[in-house]
Amino acid sequence: MKARVFVTLKPGVLDPQGKAIHHALEGLGFGGVTEVRAGKLIELELADGTSDDEIADMCRKLLANTVIENFKIEKLENA
Amino acid sequence: MMSAVLVFPGSNCDRDLAVAIEQVTGRAPAMVWHRESELPEGTDFIAIPGGFSYGDYLRSGAMAARSPIMRAVSDAAGRGVPVLGICNGFQVLTEAGLLPGALMRNAGLNFVCRPVGLKVENSQSIFTSAYRAGEEISIPVAHHDGNYQADAETLDRLESEGRVAFRYTGEVNGSARSIAGIINAQGNVLGMMPHPERALETAHGNTDGRRLFEGLLEAVS
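Please read all numbers here as calculations on a predicted model, not as lab measurements.

## Structural notes on the overall build of chain B
And step 1. Per the secondary structure count, chain B includes six helices and eleven strands.
And step 2. The C-alpha radius of gyration computed for chain B amounts to 15 Å, which stays within 12% of the reference 17 Å derived for 221 residues, consistent with globular compactness.
And step 3. Burial statistics for chain B: of 221 residues in total, 53% are counted as buried.
And step 4. Across chain B, the fraction of contacts at a sequence separation of at least 24, relative to all contacts at a separation of at least 6, is 74%.

## Digging into the nonpolar core
And step 1. Within the largest apolar cluster, 69 residues are counted, with the highest numbers of intra-cluster contacts made by Val5 and Ile46 of chain B.
And step 2. Those residues in contact with Ile46 of chain B, other than ones at most four positions away along the chain, are Ala4, Leu39, Val73, Ala76, Val81 and Val83 of chain B.

## With respect to the sheet that holds strand β1 (residues 2-9) of chain A
All names here are of chain A.
And step 1. Across the sheet, which stays open at both edges, the three strands sit in the order β2-β1-β3 with antiparallel pairing between neighbours. Edge positions in the sheet fall to β2 (39-45) and β3 (69-76), since each of these pairs with one other strand and no more. In this sheet, adjacent strand axes meet at a mean angle of 20° when their direction is disregarded.
And step 2. For β1 and β2, the ladder comprises seven bridges, and the chain directions are antiparallel. Looking at the pairing, Lys2 lines up with Glu45 of β2.
And step 3. Together, β1, β2 and β3 form the strand contacts of helix α2 (residues 52-63), whose direction differs from that of β3 by roughly 145°.

## Regarding the interface of chain B and chain A
And step 1. Each side of the interface is counted separately: chain B has eleven residues, and chain A has nine residues.
And step 2. A breakdown of the residues in the side of chain B that touches chain A according to their chemical character gives five nonpolar, two polar and four charged.

## Here we look at the sheet that holds strand β2 (residues 30-33) of chain B
Residues and elements named next belong to chain B.
And step 1. Taken in spatial order, the nine strands line up as β2-β1-β3-β4-β11-β10-β9-β6-β7 in an open sheet, and their pairing is mixed. At either end of the open sheet lies a strand with only one pairing partner, and these are β2 and β7 (136-143). On average, adjacent strands in this sheet sit at an angle of 25° to one another, irrespective of strand direction.
And step 2. Across three bridges, the pairing between strand β9 (residues 164-168) and strand β10 (residues 179-183) is antiparallel. Counterpart to Phe166 in the pairing with β10 is Gly181.

## A look at unusual backbone geometry
Residues and elements named next belong to chain B.
And step 1. Residues other than glycine seldom take positive phi values, yet Cys87 does so here, at roughly 60°.
And step 2. Here Cys87 lies in the loop between β4 (83-86) and α4 (88-95).
And step 3. With a phi close to 70°, Leu109 is a non-glycine residue in the positive phi region.

Parameters at a glance
Residues numbered from 1 in each chain as written. Chains lettered and ligands numbered in written order. Predicted model: local features only at pLDDT ≥ 70, side-chain atom pairs only at ≥ 80, totals over all residues. Helix = DSSP H or I, 4+ residues; strand = E, 2+ residues; numbered from the N terminus. Rg over C-alpha atoms; globule rule 2.2 N^0.38 Å. Buried ≥ 20, exposed ≤ 12 C-beta atoms within 10 Å, placed from the backbone. Contact = placed C-beta atoms within 7 Å. Core = buried A, V, L, I, M, F, W, Y, C linked by C-beta atoms within 7 Å. Pairing = 2+ DSSP bridges. Axes fitted to C-alpha atoms, helices over the stretch in contact; angles between N-to-C directions. Nonpolar A, V, L, I, M, F, W, Y, C, P; charged D, E, K, R; others polar.

Okay, structure coming up:
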């Protein structure tokens, strides 16, 4: 079983990397971008039957810093 | 004073910190590898050095904060043992939940490496008692992730409880309210981005960092 964890900065938390990417996109001539927020994708290969709670616990204890980050879990059952 | 300096893979200020502690206290600290689960018996000061523990993987300080020795540090901190985290050590302390907030990428995205002006906001703590309140000192910084952030409520609490130890006197890294160092509620854990161990002797060009260790020694002994 596979799961994907998306870790993103909470709304309102300044994202200097996102800003720099935004500027670089504008520098390349892409004018239609209004905002860029950078985050992380973490792929987990899990034993079958790993519960949602367990994955959320992994996120809270290590994968995300919940002071500044949110996380979203996407399970890929048959992957 | 029986000091311990933690060493993680990627720590690079551990030896400078050990030299600083030995110079001021007259006793070499125990160097404690991150895999240890206990601190040496009688440790009465714990220092977490700067560097790039675990190559800053995941988030600065994130992996180090979950290493076995940090459980012992957390227990010791709970018992009132003074803990000082410098630079990466500050990041480790926030990741371990021993200090509030988080240290994010510098607002300008640049690695900042230069002496910076600091205002001593609180001279009553065990770490800052050798400074005068409001005094301006100069201590070097060297970091990429020193942008201190916390929610407004936490920042207000830190300020009202006198837990902001040091504030930058100019723009350095985008930190909320120019915070350079904070103390925990109990008053025995200090995290700071500037490196006092790099301003210890005249050969360093400045000795403003020395009094932090001197004040601590006096407070502990």
